[in-house]
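The chain contents come next:
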Amino acid sequence: MNREELKKILPHREPMLLLDDAALEDQDAVGHYLVRGDEWFLQGHFPGNPMVPGVILCEILAQSACVLMKDRMKDGMIPVYTGLDRVKFRAPVRPGDRIETRCRIVRVKHPFYFAEGTVRVDGRTCVSAAFSFALTGA
């Protein structure tokens, strides 16, 4: 799915739409984002040594997980983070890096969805996390 196709699933819009593309691979959602270097979240984080904030990496991971919910993300449904667990930041992500996310839903108790995922750059794990979100009406 390209950005326009993602907009049919996700309620996010620029500058908060943080996926360039995504695909389903078996039970996993795989997403990509190229860090260009001119993003608003890099301004001041950190001068002379820019790196993507951890909270933004977690948001990219959550947006990827929503691709797994494409059949349920209709009629004004909005995904809302409800928890982050076992988050590990292992390596920085910098301008020029192409992020790859991989996540999977591990449990459902509607409207809550529990997932696990990773953020990688060139095969190097940068973030791993367990997280949950709820689908709520607009």
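If you're wondering where the values come from, they're calculated on a predicted model, not measured in any experiment.

About the cut-offs
- Residues numbered from 1 in each chain as written.
- Predicted model: local features only at pLDDT ≥ 70, side-chain atom pairs only at ≥ 80, totals over all residues.
- Heavy atoms only, no water.
- Helix = DSSP H or I, 4+ residues; strand = E, 2+ residues; numbered from the N terminus.
- Rg over C-alpha atoms; globule rule 2.2 N^0.38 Å.
- Buried < 20%, exposed > 50% of the residue type's maximum accessible area, 1.4 Å probe, protein only.
- Contact = heavy atoms within 4.5 Å.
- Areas by Shrake-Rupley, 256 points an atom, 1.4 Å probe, with all protein chains shown as cover.
- Lys, Arg positive; Asp, Glu negative; His and termini not counted.
- Charge placed at Lys NZ, Arg CZ, Asp CG, Glu CD.
- Pairing = 2+ DSSP bridges.
- Axes fitted to C-alpha atoms, helices over the stretch in contact; angles between N-to-C directions.

So what exactly am I meant to see when it comes to the overall build of the protein here?
Of regular secondary structure, the protein possesses two helices and six strands. Its helices and strands in sequence order give the protein the pattern α-β-β-α-β-β-β-β, from N to C terminus. Computed over the C-alpha atoms, the radius of gyration of the protein is 14 Å, within 12% of the 14 Å expected from 2.2 N^0.38 for a compact globule of 138 residues. Split into buried and exposed, the 138 residues of the protein put 43% on the buried side. Long-range contacts, defined here as pairs at least 24 residues apart, represent 62% of the contacts in the protein between residues at least 6 apart. Total accessible area computed for the protein in this model is approximately 7300 Å², and 51% of it derives from carbon and sulfur atoms. In the protein, 19 side chains carry a positive charge and 18 a negative one; their mean positions are 5 Å apart.

How should I be thinking about the environment of Ile-105 in this particular structure?
Secondary-structure assignment places Ile-105 in strand β4 (residues 98-109). As a C-alpha pair, Ile-105 and Asn-2 span 103 residues in sequence and 22 Å in three-dimensional space. With near-sequence residues (within four places) excluded, Ile-105 lies in contact with Leu-68, Met-69, Tyr-113, Phe-114, Ala-115 and Phe-133.

Would you mind going over the sheet that holds strand β3 (residues 78-89) with me for this structure?
Note: strands within a sheet are paired through backbone hydrogen bonds, in either parallel or antiparallel orientation. If you trace the six strands from one edge of the open sheet to the other, you get β1-β2-β4-β5-β6-β3, paired in antiparallel fashion. Strand pairing shows two members of the sheet lacking a second neighbour, β1 (21-25) and β3, which therefore form its edges. Across this sheet, the average inter-strand angle for adjacent strands is 25°, counted without regard to direction. Across the sheet, helix α2 (residues 54-66) lies against β2 (28-34), β3, β4, β5 (112-121) and β6 (124-136), angled at about 60° from β4, the strand it touches most.

Just checking my understanding: could you explain the pairing of β6 for this structure?
Sheet faces and side chains relate simply in a regular strand, where the side chains alternate between the two faces. For β6, a buried count of ten out of 13 residues is recorded, marking the element as mostly surrounded by other parts of the structure. Sheet topology note: the β3/β6 ladder contains nine bridges and is antiparallel. Considered in β6, the bridge of Gly-83 is made with Ser-132. Pairing between β5 and β6: ten bridges, direction antiparallel. Each bridged residue has a counterpart across the sheet, and for Val-119 the counterpart in β6 is Val-127. In this antiparallel pair of consecutive strands, β5 and β6, the connection spans two residues, and Asp-122 shows a positive phi of 50°.

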